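Inside the fold
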Amino acid sequence: MGFLFVALGGALGAVGRYAISLLPVKTDFPVLTLVTNIAGAVLIGFVVGIASGREGVSENAVLFWKTGVCGGFTTFSTFSLEAFRLLEKKAYIPGGIYIVLSVVCCLFGIYCGKKLAMLF
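What comes next concerns the included structure. Note that the structure is a prediction, hence the values are computed from the model and not measured. (Residues numbered from 1 in each chain as written. Predicted model: local features only at pLDDT ≥ 70, side-chain atom pairs only at ≥ 80, totals over all residues. Heavy atoms only, no water.)

**Examining the packing of aromatic side chains**
Scanning the model with the defined rule gives six aromatic pairs in all. Centre to centre, the rings of Phe76 and Phe79 are 5.4 Å apart; their planes meet at 50°, and the pair counts as tilted. Of this pair, Phe76 and Phe79 both sit in helix 4 (residues 76-88), separated by three residues, roughly a single helical turn. With relative accessibility at 61%, the residue Phe76 sits in the exposed group. An angle of 25° between the planes, with centres 6.1 Å apart, marks the rings of Phe108 and Tyr111 as stacked. Note that Phe108 and Tyr111 are positioned in helix 5 (residues 92-117) at a spacing of three residues, about one turn of the helix. With a relative accessible area of 53%, Phe108 lands in the exposed category. Tyr111 gets classed as partly exposed once you look at its relative accessible area, which sits at 48%. Taken together, the ring pairs in this structure connect Phe29, Phe76, Phe79 and Tyr98 into an aromatic cluster. (Phe/Tyr/Trp six-rings, centres within 6.5 Å; stacked < 30°, edge-to-face > 60°. Helix = DSSP H or I, 4+ residues; strand = E, 2+ residues; numbered from the N terminus. Buried < 20%, exposed > 50% of the residue type's maximum accessible area, 1.4 Å probe, protein only.)

**Re the environment of Thr33**
Structurally, Thr33 is set in helix 2 (residues 31-51). On the accessibility criterion, Thr33 (10% relative accessible area) is buried. Put simply, Thr33 and Phe3 are 30 residues apart on the chain and 27 Å apart in space, counted from C-alpha to C-alpha. Look past the residues within four positions of Thr33 in its chain and what remains in contact with it is Thr75, Thr78, Phe79, Glu82 and Tyr98. (Contact = heavy atoms within 4.5 Å.)

**Concerning helix 5**
Its 26 residues give helix 5 an end-to-end C-alpha distance of 37 Å, which sits within 8% of 38 Å, the value for a rise of 1.5 Å per residue. Buried within helix 5 we find Gly95, Tyr98, Ser102, Cys106, Gly109, Gly113 and Ala117. Taken together, the buried residues of helix 5 touch helix 2 and helix 4. (Expected span 1.5 Å × (residues − 1).)

Rendered as structure tokens:
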């Protein structure tokens with residue numbers, strides 16, 4: 001049964017990621033992937049924060065949100081490809097900024113999501 005919840009969540013997350021990619025942003029900097037990954041980090045932090053130490057949180061709900069939605073929504077492989085392409089084009093400063101921002105902001109996003117979950 002868990003596979004069904006992961007699949008449904010993954011489909012929802014993938015559609016969300018695709019919808020964000022359609023936003024009319026014109027830049028060589030992969031801002032939409034960065035925003036998607038930060039939003040996903042906040043969401044997964046929130047889900048983990050809600051699920052940890054609380055009774056009544058269904059394992060299937062956690063599978064749906066954490067593994068399904070967040071897994072389908074976030075874009076580590078796209079991040080890696082875009083970072084590689086920036087470095088390949090010798091755009092070392094934007095590439096380095098993108099890598100550092102992605103890691104630091106996503107870690108901070110998880111922290112914020114967990115803190116936000118404490119309010120519920």
